[in-house]
2 protein chains.
Amino acid sequence: MSELDTLIQLLAKLPGLGPRSARRAALHLIKRRETLLQPLAGALAKAAAAVRPCPSCGNLDTVEPCTICRDPERDIAAICVVEDLADLWALERTGAFRGRYHVLGGTLSALDGVGPDDLNIERLLARLQPGQELILALNATVEGQTTAHYLADRLAGRDITITRIAQGVPIGGELDYLDDGTLAAALKARRALART
Amino acid sequence: MSELDTLIQLLAKLPGLGPRSARRAALHLIKRRETLLQPLAGALAKAAAAVRPCPSCGNLDTVEPCTICRDPERDIAAICVVEDLADLWALERTGAFRGRYHVLGGTLSALDGVGPDDLNIERLLARLQPGQELILALNATVEGQTTAHYLADRLAGRDITITRIAQGVPIGGELDYLDDGTLAAALKARRALART
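Residues numbered from 1 in each chain as written. Chains lettered and ligands numbered in written order. Predicted model: local features only at pLDDT ≥ 70, side-chain atom pairs only at ≥ 80, totals over all residues. Heavy atoms only, no water.

1. Side note on the interface of chain B and chain A
When the parts of a complex come together, some accessible area is lost, and that lost area is often taken as the interface size. Here is the rule: The contact criterion used is simple: two residues touch if any of their non-hydrogen atoms lie within 4.5 Å. The term buried area means the drop in 1.4 Å probe accessible area that two parts suffer when joined, counted for both and summed. In the sections that follow, a salt bridge refers to a side-chain nitrogen of Lys or Arg positioned within 4 Å of a carboxyl oxygen of Asp or Glu. Polar contact criterion, stated in full: a pair of N or O atoms within 3.5 Å, where within protein one must be able to donate a hydrogen and the other to accept it, and residues adjacent in sequence count only if both atoms are side-chain atoms. For the purposes of this entry, the term helix denotes a DSSP run of H or I that reaches at least four residues, the term strand denotes a run of E that reaches at least two, and both are numbered from the N terminus. Residue classes follow a fixed rule: Ala, Val, Leu, Ile, Met, Phe, Trp, Tyr, Cys and Pro count as nonpolar, while Asp, Glu, Lys and Arg count as charged, and any other residue, Gly among them, counts as polar.
Contact with chain B, which involves 43 residues of that partner, is made by 43 residues of chain A. Carbon and sulfur atoms make up 75% of the surface buried where chain B meets chain A, a total of about 4200 Å² over both sides. Our count for the contact surface shared by chain B and chain A stands at two salt bridges. The salt bridge involving K31 of chain A is made with D84 of chain B; its shortest N-O contact spans 3.1 Å. The interface formed by chain B and chain A includes eight residue pairs in polar contact (both at pLDDT 80 or more). Taken together, the elements giving at least two residues each to the side of chain B that touches chain A come down to α1 (3–11), α2 (19–31), α3 (33–50) and α4 (85–94) of chain B. Counting residues per element, the side of chain B that touches chain A draws most heavily on α3 of chain B, which supplies 15 residues. Classifying every residue of the side of chain B that touches chain A gives 29 nonpolar, four polar and ten charged.

Here you go:
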């Protein structure tokens, strides 16, 4: 197999790229040898060498502990639990959270054979200090909610405030296009309108 | 900027990947350090070092001339002209053509400022031998057809048979869903039905 075929086969393993788009991507790379192909090869090699999980929170970074964990300006009173690094990135992009994170690396799933030992849970329990708030930012799926309940059970009796992010109508969402579950949850979680 | 951000920015430049899917791809790569990230870094470096355009036909390969040009079993009586390497690959996948190729690297386009000198045309004219067939497999676009006519003009008076691939209804295509231009071309190019 030629170098080009090997490259195409590896590119096709990326999420979002099939065999056809992998061929297009390989062609795009070869045509931009200096500006894209070589920098990308270098960036991958550097990332492979430098990026590792944070021993405290599970975030990926080039420093240990990670940039977020070592930032003295971040609030240590709240730890936000997310399933995946992509969720951490999504929350960081909002800039709305100034506490720290804990990346579970998945959710409990009997179907997929994922138990508590497969997730980054023990480290979370060891890390939590009395008086802290644990914000559950897990996906609004059956697995996400199962994991939320499991964590709440394990923390019963400890002086930890457990909260979860709100479920409801997304900003800009039109009621007519929303699923019934979301609408029902939004109705149930209604709040008093702030008067100005 | 961290190694991870650099990687994401470069991945986002690939066709078919936006900022969001580039983040997903980066995460996917980091999680599969041994099985995907390092092999891909290696494959890119090898491709950057080894893959180059064939001096004869413009195909990309690791040998000069390319595997197709040096294959003694391929018919030298026909040269198939394509715009882009992706078109060559598409034709090769069909296995229907056993001649050789010539990759133009684009089409003439007054709008985009692409003239004959920007394409791999002189080498084609120099390469053609009397008695050969030149098959134009250019896209059925205005630019593709302009390029086809330009090539035909340049070859006027030389002993070269010029053909072009057929236009018509795609296999499995439903007439009702086809554009008028294709239908009109298919009607005009009708052929006698072979009786069995």
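2. Focus: the pattern of salt bridges
Residues and elements named next belong to chain A. Here is the rule: Here's how the labels work: a residue is buried when its accessible area is under 20% of the maximum for its type, exposed when over 50%, partly exposed in between, all with a 1.4 Å probe on protein chains only.
Under the definition given, this model contains eight salt bridges over all chains. Between R74 and E92 there is a salt bridge, with its nearest N and O atoms 2.9 Å apart. Linking R74 in the loop between α4 (67–70) and β3 (78–82) with E92 in helix α5 (residues 85–94), this pair joins segments that are 18 residues apart in sequence. Judged by relative accessible area, R74 falls into the buried class, the value being 5%. Among the residues examined, E92 registers a relative accessible area of 27% and is labelled partly exposed.

3. Here we look at the sheet that holds strand β6 (residues 161–164) of chain A
Within a beta sheet, neighbouring strands are joined by backbone hydrogen bonds and run either parallel or antiparallel to one another. Residue and element names in this part refer to chain A. Applied cut-off: Strand pairing is defined by DSSP finding a minimum of two bridges between the two strands. Only C-alpha atoms enter the line fits that serve as axes; for helices the fit covers just the stretch in contact. Angles between N-to-C directions range over 0 to 180 degrees.
On the basis of which strands lie adjacent, the open sheet formed by four strands has the order β4-β3-β5-β6 and parallel pairing. Only two strands of the sheet have a single neighbouring strand rather than two, namely β4 (100–103) and β6. The average angle at which neighbouring strand axes cross in this sheet is 25°, direction not considered. Pairing of strand β5 (residues 133–136) with β6, which is carried by four bridges, proceeds in the parallel orientation. Bridged to E133 within β6 is T161. Of the strands in this sheet, β3 and β4 touch α5, which is tilted by about 160° from β4.

4. Things to note about the sheet that holds strand β6 (residues 161–164) of chain B
Residue and element names in this part refer to chain B. The four strands are arranged β4-β3-β5-β6 in an open sheet whose pairing can be described as parallel. With partners counted over all chains shown, the strands left at the sheet margins are β4 (100–103) and β6, one partner each. Averaged over all neighbouring strand pairs, the angle between strand axes comes to 25°, with direction disregarded. Each of β3 (78–82) and β4 is contacted by α4, which is oriented at about 160° to β4, the strand it contacts most.

5. Thoughts on the state of the cysteines
By definition, a disulfide is the covalent link that joins the sulfur atoms of two cysteine residues. As a reminder of what qualifies: Count a disulfide wherever a pair of cysteine sulfur atoms falls within 2.5 Å.
Summed over the entire model, instances satisfying the criterion amount to zero disulfides over all chains. Here C54 of chain A is not cross-linked by a disulfide; its sulfur's nearest cysteine counterpart is in C57 of chain A, at 3.8 Å.

6. Details of the pairing of β3 of chain A
All names here are of chain A. Burial analysis of β3 places five of its five residues in the buried class, which makes it a mostly covered element. What you see with β3 is no split at all: A78, C80 and V82 on one side and I79 and V81 on the other are buried throughout. Where β3 lies against β5, four bridges are found, and the strand directions are parallel. Pairing of I79 across the sheet is with L134, part of β5.

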